[in-house]
Amino acid sequence: MKVPVLLSTSLFAFASFSFTEAQKPNIIVILADDLGYGDVSAQGATTIKTPNLDRLANEGIRFTNGYATSATSTPSRYGMMTGMYPWKNDKAKILPGNAPLIIKEDQYTLPKMMQEAGYATAAIGKWHLGMGDGNADWNKTVKPGAKEIGFDYSNLIAATNDRVPTVYVENGNVIGLDMTDPLQVNYKKNFDGEPTALTNPEMLKMHWSHGHNQSIHNGIPRIGFQKGGKSAMWVDEDMADYFTGIAKDFMTNHKDKPFFLYFGLHQPHVPRAPHSRFVGSSGMGPRGDAILEADWSVGELMAHLDKLGLLENTLVFFSSDNGPVLDDGYKDQAVELLGQHKPAGLLRGGKYSLYEAGTRVPFFVYWKGEIKPAVSDAMVCQLDIMASVATLIKKKLPAELDSQNTLKAFMGKSKKGREELVIEANSKLAYRAGDWAFIPPYNGAVRNQTGNELGNLPEGGLFNLKSDLGQETNVAKQHAKKYKQMESRFLEITKGYFKTNVKDIVLE
Ligand code: NG6
Ligand code: CA
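Please read all numbers here as calculations on a predicted model, not as lab measurements.

Asks: How do you make sense of the sheet that holds strand 17 (residues 420-425) when you look at a structure like this?
Replies: Pairing between sheet strands relies on hydrogen bonds along the backbone, with the strands arranged either parallel or antiparallel. Read from one edge to the other, the open sheet built from 4 strands follows the order 17-18-19-20, with strand pairing classed as antiparallel. In the strand order of this sheet, the two ends are held by strand 17 and strand 20 (461-464), each with one partner. For this sheet, the mean angle separating the axes of adjacent strands, direction not counted, is 20 degrees. Of the strand pairs in this sheet, strand 18 (residues 428-433) and strand 19 (residues 436-439) are connected by 3 bridges, and their pairing is antiparallel. Each bridged residue has a counterpart across the sheet, and for Tyr431 the counterpart in strand 19 is Phe438. In the packing of helix 9 (residues 480-493) onto the sheet, the strands contacted are strand 17, strand 18, strand 19 and strand 20, and the crossing angle to strand 19 comes to about 65 degrees.

Asks: Help me understand the nonpolar core in this model?
Replies: Membership of the largest hydrophobic core comes to 64 residues, with the highest contact counts inside it found for Trp127 and Phe317. At 5 residues, the largest contribution of residues to this core is made by helix 7 (residues 385-392). Those residues in contact with Trp127 that lie beyond four places of it in its chain are Arg77, Met81, Leu101, Gly145, Ala146, Ile149, Phe151, Leu156, Ile157, Ala158 and Ala159. One finds Leu35, Ile48, Met239 and Val298 within the second-largest nonpolar core, a separate group that totals 47 residues.

Asks: Teacher, can you tell me more about the coordination of the calcium ion (ligand 2) here?
Replies: Around a metal, the ideal angle is 109.5 degrees if four donors adopt a tetrahedral arrangement and 90 or 180 degrees if six donors adopt an octahedral arrangement. On the protein side, the calcium ion (ligand 2) has Asp33 (OD), Asp34 (OD), Asp321 (OD), Asp321 (OD) and Asn322 (OD1) as donor atoms, found 2.2 to 2.7 Å from it. Metal-centred angles of 52 to 169 degrees between the 6 donor atoms at the calcium ion (ligand 2) mark the site as irregular. Summarised as a motif, the one-chain spacing of the donors to the calcium ion (ligand 2) is D-D-x286-D-N. Note that Asp34 is positioned in the loop between strand 3 (26-32) and helix 1 (51-59) and Asn322 in the loop between strand 14 (314-320) and helix 6 (356-359), a separation of 288 residues in sequence. Asn322 matches Asp34 in its accessibility class, with the two residues each being buried.

Asks: Just checking my understanding: could you explain unusual backbone geometry for this structure?
Replies: Omega for the peptide link from Val164 to Pro165 comes to 0 degrees, which places this bond in the cis form. Among the structural elements, Pro165 can be located in the loop between strand 6 (153-157) and strand 7 (168-170). In this chain, Val270 is followed by Pro271 through a cis amide linkage whose omega measures -10 degrees. Looking at where Pro271 falls in the secondary structure, it is placed in the loop between strand 13 (259-264) and helix 5 (286-307). Positioned with a positive phi, Asn171 is a non-glycine residue whose angle comes to about 50 degrees. Mapped onto the elements of the fold, Asn171 is located in the loop between strand 7 and strand 8 (173-174). Note on Asn171: relative accessible area 35%, which makes it partly exposed. For Asn218, which is not glycine, the phi dihedral falls at a positive 60 degrees.

Cut-offs used in this document
Residues numbered from 1 in each chain as written. Chains lettered and ligands numbered in written order. Predicted model: local features only at pLDDT ≥ 70, side-chain atom pairs only at ≥ 80, totals over all residues. Heavy atoms only, no water. Pairing = 2+ DSSP bridges. Helix = DSSP H or I, 4+ residues; strand = E, 2+ residues; numbered from the N terminus. Axes fitted to C-alpha atoms, helices over the stretch in contact; angles between N-to-C directions. Contact = heavy atoms within 4.5 Å. Core = buried A, V, L, I, M, F, W, Y, C linked by side-chain atoms within 4.5 Å. Buried < 20%, exposed > 50% of the residue type's maximum accessible area, 1.4 Å probe, protein only. Donors = N, O, S within 2.8 Å, 3.2 Å for Na, K, Ca; no water. Tetrahedral: all angles 85-135°; square planar, octahedral: opposite > 155°, others 65-115°.

Such coordinate-based values are descriptive only and should not be taken to indicate function.
The following block contains the structure:
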């Protein structure tokens, strides 16, 4: 083995490996959108096969207790990107496409940390953390945005694939805009004479089931109104190819220097409109096809890393921003064609839920040659990527972060991860510690329009996940002492943030 030159500032050592400043490992975080615990064949799916995700799972560490901080996208991504619990920022809620950036420009972030450590940084794909100052003019550079929070390069969709503006934004600039056809966006009212799903249903190739009946683009109705910008509009079916290509280019351009890449997949979030190559490939309709498209995309990125000779010098995190949902507002037969497939695996709930499937998601950590394949039950969370990577690259962090160093668990050197975690869903909080899940008393609907169970339990809930992974039996009463103990610790951590009378967000 080649021993690096022993200069105290240039030698980094962790457990069995060491690397020099110049060889600092690249870090890639891939976040799928609404991919459930059971949506990957390495985690039990049999109807669909996801060979590329399986490779990360089976040749890396596959975590059975891997969590997002939240059961929806914005708060979840906020937690990952800032190392702070999202419920400490009251703006970290599902954002419209014209929302301002919710991360303060002077806030410490994962990408800023990587920049300071000499990394080239990029955010590619889904953003959903707000862009601009709240009065964005999409025909000029929209800022603050990814750049201001630490990304040298960004190529993004502003919010979600079901929200306007339906354009790609590169470094704050809408790509392909024709200045004679300015792009305008409004979430309150339509622009005179512009078609919507309600006025012009004949224009639709995909129909809505709830919400999603405003501006139409590419035959698909969206949330929000937009006008103009026609030359800049994305083609949903090409989005995977587009972002995969951009990510490959970024890797190629930075192959000789350490890089940090955040890659936000848009699948299998609605509207599910995969490329024709994937249409029909899953036998499960657009949702399954979109998962296979995401699997392909990940495979492409990994093959590219290999081609560039970077596989052995790149640490890859793969996870999902929140749990699964079938009907999230479009009639795309996700429910009808599901068959035996279980998007949440054996877990209860799904996206929007305080039950496990809201936040317990696929979570794989892969590093060829450094990480030995294993299945780990350690509790890990996306929140902890920041402090763990900091430890790996020997970077000091501001003390007040919620992010914890679980590097040893991520690298498979320890079976111990986090001891406890507060998760969020629709501004409601729940608590996980050891084998136990605690849900404080909340009123509200049993399910929302998607059919997913929200986990509102007016009496409060306590579940032993070891003996009851599916959370079928609420043992709050039988284990009153444990309940009290969990409650008191939960109240301690969430002091000043926990509210009992939170209303459910109503999806229209
Ligand atoms: C909801 C949308 C849903 C999805 C979600 C955000 C309606 C009826 N539903 O409000 O379709 O876009 O927001 O999903 O509008 S997330 O994964 O980005 O958090
Ligand atoms: Ca999501």
